[in-house]
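Residue-level structural notes
Listed below are the residues making up each chain.
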Amino acid sequence: MTEGRPSAAGSAPLWERDAELATVAQALDVLCADQSSGGSLLVIRGEAGLGKTALLAETRRIAERRGCAVWSARGAETLRSVPFHVVRQLLQPALLSLLPEEAREYLGDWYAIAGPALGIAEPRADNADPQYVCDGLVAAVRRLSRRQWPLVLLVDDAHWADQETLRWLAAFAERLDDLSVLVVVARRPGEVSGDSARLLDAVAAAGRPVHNLNALTPDATAGLTRATVGRHADDAFCREVWAVTGGNPYDTVELLAKVQDSELQPVEAQAGELRALNRAARGGGLVDRLKGLGLEATRFAWAAAILGTGITVDMVAQLATMNDELARTCAALLCDARILTEPEPPAGTERTDGELEFVHPLIATAVYNSIPPGVRTAMHGVAAQMITERGRGAAEAARHLLKVHPDDDEELVEQLREAAREHLAVGAPDAARRCLERALAEPPLPEVHAHVLYELGCATLLTNPAVTIDHLQSALGMPGLDGDDRVDAVVRLSQALLHNDQLEEAVRTVEAEVARHEAGPVRMRLQAFQFMWEGIHGETVSPARSRRLAELASTCAGRDNAERALLILRGFDAMTHGESAEEVIDLCDRALVNGRLAPGLGWTDPEWGMELLMMLGSAYTYADRLDRAESLFAEARRVYTTAGWHGGHLSLANAFLGLAYRRQGRLRDAESTLREALVLAERVGRRLPLYWSATCGLVDTLLARGRVEEAWSVAERYGFAPPYPSTIVLPDIRSVRGRLLLAVGRTEDGINELEAAEKTAASRGGHNPVLAPWSIDLAKALAGQDPDRAAQLAADARRQAERFGTDTAIGEALRCAAALATGQRAVQLAARAVTYLEASPCQYEHAAARVEYGIAARSVAELNRGLDLARACGAEGLVAQAREVLETGRGLH
């Protein structure tokens, strides 16, 4: 026993909980002391009945006495399929207390994103990105917590929380360092698996050490027994109470209540009756006790268990088909029997008349499981109908529809499809998936079946390419999906295959569909996708393919988006093969309308997808039109952010915008943008092409900044090493990896990697020394051990650069030649490199050329100019190099 023990049976679960309460008090001390203090998170874990809920209730009382705002919510076993159910419980009361204008003001730009998920705003027309919705919910709580400080958030039965809430909670827990709020989470061990278990583990990892609750000791059980039934309870009786209940506080309280109700004397002679009394507390005994209250009360309890949430006397009466008077009588009986109770309203609010909840989740589960299966299914069907008739929408009715037995019900299929659309609109694709999978089990009519599969594939496109592939392939393999829907399904399938690193299958999928169509706009669109996927294949490209593309593009004037797509593809192909940059720019410009993307060819337009525009921006990037590339990629980031697409699309937008910044020499901007891209990419999944783009770009930028150790650390942490994806990665993945290996002193490995890049370039039928600068790095690496080969590589790079014709390409080739030369020849080549790179938009390369020319010419003026440029770029390595030479000063003039 511990001192300060509870004096009433109602506080029984708090016996022997001094350590947990002390931790809560300490956390509240920190929270209330200073609004600038960091937040904290406590996790209380224990088996059912060990007092988790009582600890949260006591936390509420202590916090409210200290003037804290306390928001609470609770998971429920029968409501885990309802998206955002728990987070809505947590936040809705505070938000609904505000006027709509106030809510908009506090949530700002996040109102339109988080509002629909919280049920306080209408969703937008398009599907919401679940990651963006999660970010919006995090931002919403952050903003509200500043208004409500000091704020305490209580989440009970988190093991039964919906997955959308758990995703938010895990993300919020990671951001508590700079937010003054206390979060207390109670959960059972086990109970969940898969993503829910992973998210709960992430929550626990973000907080203090988990508090694992233990059962009461025999001494505590004896103290509780005497506090409840009288000090005259003898030792043998108290020991039997502990033996029967195992020290479980909930079971102990329930058992002692029955001891009082039965007027059983607490003496050894009566201890044998305790086991029979205990069986009535839960499980079968509870069911028997419920039946003892009568058929009407049993029916009322069943209806309450079916509803699960929002339990009111009138709703239960309608579901149980009884009049109001009888319903109120049943409610009173069940409250007296400690099965139902009237919930305590939040501080400062009035009790809602007729509102009910189960006394304990164990009771709710036992009652729900006691309903005969056929009756339970029928009641779920009636509940769904009630919700629909009250105009609450298909999504709210869906949790009941999911429980109805399949019965070839055409109307139910349409309801579930509508529910899926509503779930997608608020950013709950998992809930949409469950609805559509249940619709398939009905099953749908043959002419509808493929459409449901198609919708199921689209529901997972933003979050799980592999699942999308399975569903779309199934949809395309059955009749019913025709016309534009079929073509759209093929395109979406090919995109999913691409992002799942199955590029060859993406090409074959589109190629097969091309063969189904006669010449015309549809065939041209599909041909464009086939050329697109072939064009970004990272290993081999047939020269015949480039010739076919050039022939087809030569007939295009940009009259429609299919022609514009082919012009973009031809421009990208010409850029990758090092053809004339002037022609590349002309092709790309012809694909625009008055310098802007054509209607229907935007970043979120589904007909063409983002990949085509990424190729357009990349062609501009390497053809020295960095102004146009930056504009395109910045627009992509803005559009995806506004649309709420915070998954792979926004990651790639940031990765390619970071590439544009890197090429411009804005290395600080490039680094921050690429780090953001990498965070987003990790949410989608490692080893996918978009993940490589972010990682490769960041390593390349860190090397340019001179932060070699950090670049190596990033490479190690994020798996930047073979095997590589089958798609092209920009910047060139093998060139960057080779340069990294050289920088860390692994010269032989670096040379091998660059030689592998050489073979890849040869297999692609061309070489652009700016796009894939392996030859320049390899020439420098071989200068000492194989000068002849180094000189040949440098000469080839210069020839290719002059063919491509940009200032950057020629300047970089001249820098390489200067590095291999000596004496006055080196000075002359370095000077010419500066001339070209001064006219180039690539300021980092210009800065490097200035520093190299200053060193070769021993010119203080040139070194200082290079130093200024390097500082402006954020190129710390160049700054250090220039400073070292200037500080040494030997031979400078």
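Please refer to the structure placed before this passage.
Along each chain, numbering runs from 1 in the same order as the chain's sequence is written. At least 70 in pLDDT is required for a residue's local features to be given in this predicted model, at least 80 for side-chain atom pairs to be given and counted, and no such filter applies to totals for whole chains, interfaces and linings, which use all residues. The side-chain figures draw on all heavy atoms in the structure; neither hydrogens nor water molecules are used.

To continue, consider the sheet that holds strand β1 (residues 40–45). Paired strands are those between which DSSP finds at least two bridges. Numbering of helices and strands starts at the N terminus; helices are DSSP runs of H or I of at least 4 residues and strands are runs of E of at least 2. Pairing within the open sheet is parallel, and its five strands lie in the order β2-β3-β4-β1-β5. Of all the strands in the sheet, just β2 (69–74) and β5 (211–212) have a single pairing partner and so form its edges. Of the strand pairs in this sheet, β1 and strand β4 (residues 181–187) are connected by six bridges, and their pairing is parallel. Bridging across to β4, Leu42 finds its partner in Val184. By definition, residues are in contact when any of their heavy atoms lie within 4.5 Å. Only the contacting stretch of a helix is used when fitting its axis, a line to C-alpha atoms as for every element, and angles between N-to-C directions run 0 to 180 degrees. Its contacts with the sheet put helix α3 (residues 85–96) on β2 and β3 (151–156), and the angle it makes with β2 is roughly 150°.

This part covers the pairing of β4. To sort residues, take the accessible area from a 1.4 Å probe on protein chains only and compare it with the maximum for the residue type: under 20% means buried, over 50% means exposed, and anything in between is partly exposed. Most of β4 is tucked away, with seven of its seven residues classed as buried. Here β4 shows a buried face lined by Val181, Val183, Val185 and Arg187 and a second buried face lined by Leu182, Val184 and Ala186. Sheet analysis places β3 next to β4, joined by five bridges and oriented parallel. Looking at β4, one finds that Leu153 is bridged to Val183. Crossover handedness is defined here as right-handed if the route from the first strand over the helix to the second strand goes clockwise, with the strands pointing away from the viewer. The parallel pair β3 and β4, bridged by helix α7 (residues 163–173), forms a crossover whose chirality is right-handed.

A few words on the nonpolar core. The nonpolar side chains of soluble globular proteins are, as a tendency, buried together. Definition of nonpolar core: a set of buried residues of the types Ala, Val, Leu, Ile, Met, Phe, Trp, Tyr and Cys, connected through side-chain atoms within 4.5 Å. Membership of the largest hydrophobic core comes to 148 residues, with the highest contact counts inside it found for Trp533, Leu569, Trp603, Leu616, Val699 and Phe720. Excluding anything up to four places from it in sequence, Val699 contacts Ala711, Val714, Ala715, Phe720, Val736 and Leu740. Core analysis: the next-biggest nonpolar cluster, separate from the first, contains 59 residues, Ala117, Tyr132, Ala171 and Leu176 among them.

Between α3 and helix α5 (residues 111–118), the least distance of the axes is 10 Å, while the angle of their chain directions is 115°. Comparing the axis directions of α3 and α5 gives the class roughly perpendicular. Contact with α3, carried on its side by Val87, Arg88, Leu91, Gln92 and Leu95, involves Pro116, Ala117 and Leu118 of α5 and no other residues of that element. Reported orientations rely on four angle classes, namely roughly parallel under 35 degrees, roughly antiparallel over 145, roughly perpendicular from 65 to 115, and oblique for the rest.

Our focus in this paragraph is the packing of aromatic side chains. To pair, rings of Phe, Tyr and Trp, with the six-membered ring standing in for Trp, must have centres within 6.5 Å; the planes then decide the type, stacked if under 30 degrees apart, edge-to-face if over 60, and tilted in the middle. All chains considered together, the criterion is met by eight aromatic pairs. Seen in terms of ring centroids, Phe529 and Trp608 are 5.4 Å apart; in terms of plane orientation they differ by 5°. Their pairing is stacked. In this pair, Phe529 sits in helix α26 (residues 521–535) while Trp608 sits in the loop between α29 (581–590) and α30 (610–622), placing the two residues 79 residues apart along the sequence. Where Phe633 meets Phe656, the ring centres are 5.4 Å apart and the plane angle is 50°; that geometry is what we call tilted. Of this pair, Phe633 sits in helix α31 (residues 626–643) while Phe656 sits in helix α32 (residues 648–664), and the two are 23 residues apart along the sequence.

Another aspect to go through is the environment of Leu90. Looking at the element boundaries, Leu90 is found in helix α3. Its relative accessible area of 2% is what places Leu90 among the buried residues. Expressed as a C-alpha distance, the spacing of Leu90 and Pro406, which sit 316 residues apart in the sequence, is 34 Å. In this view, Leu90 contacts Trp71, Ser72, Ala73, Leu153, Leu154, Val155 and Trp168; residues no more than four positions away in its chain are not counted.

With that out of the way, let us pick up unusual backbone geometry. Cis peptide bonds are those with omega within 30 degrees of zero, and the linkage from Pro722 to Pro723 qualifies with 0°. The topology assignment puts Pro723 in the loop between α35 (708–717) and α36 (733–743). A cis amide bond links Leu730 with the next residue in sequence, Pro731, at an omega value of 0°. Structurally, Pro731 is set in the loop between α35 and α36.

Moving on: the side chain of Glu671. By the secondary structure assignment, Glu671 is in helix α33 (residues 667–684). If we skip the residues at most four places from it in the chain, Glu671 touches Leu698, Thr701, Leu702, Arg705, Arg707 and Glu710.

The next subject is the packing of helix α20 (residues 410–425) against helix α22 (residues 446–459). Their axes nearest at 11 Å, the elements α20 and α22 cross at an angle of 20°. In terms of axis orientation, α20 runs roughly parallel to α22. Where α20 crosses over α22, the handedness of that crossing is left-handed. Of the residues in α22, those in contact with Val413, Glu414, Arg417, Arg421 and Leu424 of α20 are Val448, His451, Val452, Glu455 and Ala459. Polar here means any residue other than Ala, Val, Leu, Ile, Met, Phe, Trp, Tyr, Cys and Pro, which are nonpolar, and Asp, Glu, Lys and Arg, which are charged; Gly is therefore polar. In terms of residue class, the contact of α20 with α22 is made up of five nonpolar, one polar and four charged. The handedness criterion is simple: a crossing whose near helix is rotated anticlockwise from the far helix by less than a right angle is left-handed, and one whose near helix is rotated clockwise is right-handed.

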